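Chain residues, written in single-letter form:
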Amino acid sequence: MTQSINKFSMKASAEPNAINPTSADLTGHDGTVDVRGLTVCYTDSRKQKHTVLQDVSFNVPSGTFATVIGPSGSGKSTLLKILGGLHPAEAGETVIGGRLITEPNPDLVTIVFQDSSLLPWRTVIRNVALPLETAGVNRLEREERAQKVLELVGLGDCIHKYPRELSGGMKQRVAIARGLVVEPSVLLMDEPFAALDEQSRYEMGEELLKLWDRLKSTVIFVTHNLSEAVFLADKVIVLEGRPATVGQTVDVNFSRPRDLGLMVSPEFHVVRDQLYTSLKRDRIRSSGTYSWSQESPGPNGELLKGDR
Amino acid sequence: MSRYTHSTTAPSRTYTVVFQIVVVLALVGLWYLLTTTKAVTADQLPPVGSTLSSAKDILTQSNTLHDLAVSIYELISAFIIATVVGIGLGFLLGEYGRHRAGVKRVVEAGLGTALATPKFIFLPVLVLLIGAGYWEKVIYGLSDGIIIMILSASAAAYTVGENERILAKSYKMSKIQFFWKVFVPSALLPVIEALRISMVLVISGVMLAEMYISNAGMGFLIFQAGTQDEVPWLIGAILVVAALAIVLNSAFQIVEKSIGRWRP
């Protein structure tokens, strides 16, 4: 079974804009993400080369919800762009569902961007249907599929509205619907709730989990919010250092379905604090001067001394 | 409700239309008042009735209809060339400018200087160089309009966002798909606004060219009426040209409004 699905995947990748026409073809896709030794550099305006990611390797099994955390500028978004085939890597490779990623594969991997990136001149339904339209799916089918996925994200009654008529949270839901409409094996999310207030952010997270419980695509979710990372994930990938590499991966084994009540449990705080401490130590190592004082203790009141 | 409460809603379309009608009626009323009270002489401002009668003659007599037709042909030709060439060059400049900002700045500075220079002073040179026929009037007429189109289309192309480009790339859009599904809709509204301004400039250019290097057209008619002290014909012809400009301008505004429903 797996073999035949992979064959189909390989066939689809040979056709640049092929998005599988029916959900039946998509449900069996393998969404395993295998990242091996990725190194990414960029050249600045003075032609100097900087390494952003160094020898990054991790594996996300199919159907897993993984979050990626790390300090600002650690290359989280760059990593996502590479997984989405939008950015070339200097070294290493990304394999998703058995396919080597060297270019965007919208039938396999879709990206939800931080700022929703909705096209303001398109109505909600036409925004969601855009990937299908690009792939040449006929109008009737694409509208039907867009309508279905919009109902799934709770926007079934907003299909003819323009983005300007929606709140920030609703726009992100539309962006998520657009990411899901092609029923991808892997959904990449680049801080999609960063622009929302804290309450909306966690509520959206809860809704996202409900949605994911039904679809079971692999999700790789970039965030800088530790609570959000722990609440959502089966697996947290921590990027550390300069250039960044995978410092550790933390398995989060809380039962599902999860609700926001989880966030006040002691177990939740243990995992969160483990990540917090790890990132803090990394920061201290990077700067070489930082230390916590008694006035600003760590999450558990501990005092850490930086390397001097 | 607080007395400090105020509405920030834009005036409705009906309000705007009623206001425009009231302004026109007020101007006509003032005109009527000035002429009936003899505050101005008939040489300075002819009565409303005789002027409207002249305007009606222009629109019904075959020789003046010919002038109107000549002007409309020239306007259409100049406008089409300014639009097609201007948008094409503008889009190219905008896209090229994303990678070569310096070149874009230099070209735009040159075009800005050309736009700021009154073309009228070059009219005699133009006549000496290329003569005084239909196409010469068209070329003169489109000279300002095309610059506006290039500058506006370039700015519109330049502002097609990086996010939209990344989005298109992530869906693996072809260049043609990107052009029609992202680039054109994104640039459309500024381009339509520019078309409206370009149309006004083209009308002015063609009228001016007709006044000085032509023996036909509404510009020629206005010039002739002016030099022969035919004030009712002069004002009548001006009214016809003004009405044409207002109708075209309103048409563009309607299109702009209808296409721009998505705008905040």
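Along each chain, the written sequence defines residue order, and numbers are assigned to residues from 1. Each chain is given a letter, starting from A, and each ligand a number, starting from 1, according to the order in which they appear as written. Predicted model: local features are reported for residues with pLDDT of at least 70 only, side-chain atom pairs are reported and counted for 80 or more only, and whole-chain, interface and lining totals are derived from all residues. Side-chain numbers come from the whole structure's heavy atoms, not from hydrogens or water.

Details of the overall build of chain A
Heads up, the condition is: Numbered from the N terminus, helices here are DSSP runs of H or I no shorter than four residues, and strands are runs of E no shorter than two. Partly exposed residues are those whose accessible area sits between 20% and 50% of the maximum for their type, while under 20% is buried and over 50% is exposed, using a 1.4 Å probe and protein chains only. Any two residues having at least one pair of non-hydrogen atoms within 4.5 Å are treated as being in contact. Method for areas: the Shrake-Rupley scheme with a 1.4 Å probe, in which residue coverage is limited to the protein chains shown.
Within chain A one finds nine helices and 10 strands. For chain A, buried positions account for 54% of its 308 residues. Across chain A, every contact between residues at least 6 apart in sequence was considered, and the portion connecting residues at least 24 apart equals 66%. A total of about 13,800 Å² of accessible surface is found on chain A, and carbon and sulfur atoms cover 48% of it.

Observations concerning the overall build of chain B
Note the following rule: In this charge count, Lys and Arg are treated as positive and Asp and Glu as negative; neither His nor the chain ends contribute. For this purpose, a charge sits on NZ of Lys, CZ of Arg, CG of Asp or CD of Glu.
Scanning chain B for helices and strands turns up 10 helices and zero strands. Going from the N terminus to the C terminus, chain B shows its helices and strands as α-α-α-α-α-α-α-α-α-α. Counting only C-alpha atoms and orienting by the principal axes, one finds that chain B spans roughly 70 × 70 × 30 Å. The buried share among the 264 residues of chain B stands at 39%. Put simply, 74% of the contacts in chain B that link residues at least 6 apart link residues at least 24 apart. If you sum the accessible surface of chain B, you get close to 14,900 Å²; carbon and sulfur atoms cover 70% of it. Of the charged side chains in chain B, 19 are positive and 15 negative; the average position of the first set lies 17 Å away from that of the second.

Re the interface of chain B and chain A
Counted only if it meets this: When two parts are put together, the accessible area they lose, computed with a 1.4 Å probe and summed over both, is reported as buried area. Salt bridge, as used here, is a side-chain nitrogen of Lys or Arg placed within 4 Å of a carboxyl oxygen of Asp or Glu.
Counting residues at the interface gives 18 residues for chain B, matched by 21 residues for chain A. Each partner contributes to the roughly 2,200 Å² buried at the junction of chain B and chain A, and carbon and sulfur atoms together form 62% of this total. The largest per-residue losses of area from chain B upon contact with chain A belong to Y171(B), K172(B) and W262(B), which jointly make up 37% of the total buried on that side. Along the contact surface separating chain B from chain A lie two salt bridges. Notably, a salt bridge pairs K181(B) with E133(A), separated by 2.8 Å at the nearest N-O pair.

Things to note about the domain arrangement of chain A
Residues and elements named next belong to chain A. The test is simple: Domain boundaries shown here were taken from an automatic or database domain assignment. Two N or O atoms form a polar contact when they lie within 3.5 Å of each other; inside protein one atom must be a possible hydrogen donor and the other a possible acceptor, and for residues adjacent in sequence the pair counts only when both atoms belong to side chains. For this classification, the nonpolar set comprises Ala, Val, Leu, Ile, Met, Phe, Trp, Tyr, Cys and Pro, the charged set comprises Asp, Glu, Lys and Arg, and every other residue, Gly included, is treated as polar.
Along its sequence, chain A is carved into domain 1 (30-108 + 199-265) and domain 2 (119-183). Averaged C-alpha coordinates put domain 1 and domain 2 at centres separated by 24 Å. Of the roughly 680 Å² buried between domain 1 and domain 2 on both sides combined, carbon and sulfur atoms contribute 73%. Among the residues of domain 1 in contact with domain 2, M204, L211 and L215 are the three that bury the most area, contributing 56% of the side total. Counting every contact that joins domain 1 to domain 2 gives one salt bridge. Ionic pairing is found between E207 and R173, a salt bridge with its closest N-O pair at 3.6 Å. Between domain 1 and domain 2 we count zero residue pairs in polar contact (both at pLDDT 80 or more) in total. Taken together, the residues of the side of domain 1 that touches domain 2 sort by class into five nonpolar, no polar and two charged.

A closer look at the pattern of salt bridges
Residues and elements named next belong to chain A. This structure, assessed with the given rule, holds 19 salt bridges over all chains. Between R145 and E141 there is a salt bridge, and its shortest N-O distance comes to 3.3 Å. With R145 and E141 both in helix α5 (residues 139-152) and four residues apart, this pair spans about one turn of that helix. You can call R145 buried: its relative accessible area is 11%. Residue classification places E141 among the partly exposed residues on the basis of a relative accessible area of 25%. In this structure, the salt-bridge partner of R201 is E228, at a minimum N-O distance of 2.9 Å. Taken as a pair, R201 in helix α7 (residues 198-215) and E228 in helix α8 (residues 226-232) lie far apart in primary sequence, 27 residues in all. We note that R201, like E228, is buried. Here the salt bridges do not stand alone but share partners, grouping D34, R36 and E93 into one network.

A look at the layout of surface pockets
Residues and elements named next belong to chain B. Short version of the rule: Using protein atoms alone on a 1 Å grid, points that fit a 1.4 Å probe yet trap it form a cavity, whereas open point sets bounded by protein on both sides within 12 Å along at least five of seven lines form a pocket; residues with an atom within 4 Å of a point count as lining. Grid points are joined across faces, edges and corners, and a volume is the space filled by probe spheres set on the points.
Taken as a whole, the largest pocket holds about 660 Å³ of empty space. Going through the elements one at a time, α1 (13-36) and α10 (231-259) are the ones with two or more residues in the lining of the largest pocket. Per-domain counts for the lining of the largest pocket show at least three residues from each of domain 1 (1-31) and domain 2 (47-262).

Concerning the packing of aromatic side chains
Here is the rule: Centre distance within 6.5 Å is the pairing criterion for rings of Phe, Tyr and Trp, where only the six-membered ring of Trp is used; planes under 30 degrees apart are then read as stacked, over 60 as edge-to-face, and the remainder as tilted. Definition used: whenever NZ (Lys) or CZ (Arg) falls within 6 Å of the ring centre and also within 35 degrees of the ring normal, the charge is taken to sit over that ring.
According to the stated counting rule, one finds 12 aromatic pairs over all chains in the structure shown. For the ring pair F65(A) and W212(A), a centre distance of 5.5 Å and an interplane angle of 80° mean the geometry is edge-to-face. Note that F65(A) is positioned in strand β3 (residues 65-69) and W212(A) in helix α7, a separation of 147 residues in sequence. For F65(A), a relative accessible area of 0% translates into the label buried. Overall, the relative accessible area of 4% leaves W212(A) in the buried class. Ring geometry for F79(B) versus F252(B): centroids 5.8 Å apart, planes at 65°, classification edge-to-face. Taken together, the residues span a long stretch of sequence, with F79(B) in helix α3 (residues 62-99) and F252(B) in helix α10 at a distance of 173 residues. On the basis of relative accessible area, F79(B) is assigned to the buried category, the value being 13%. Among the aromatic side chains, those forming a connected cluster through ring pairs are F91(B), F178(B), F179(B), W180(B) and F183(B). Looking at K216(A), its charged tip hangs above the ring of W212(A), at a distance of 4.0 Å from the centre.

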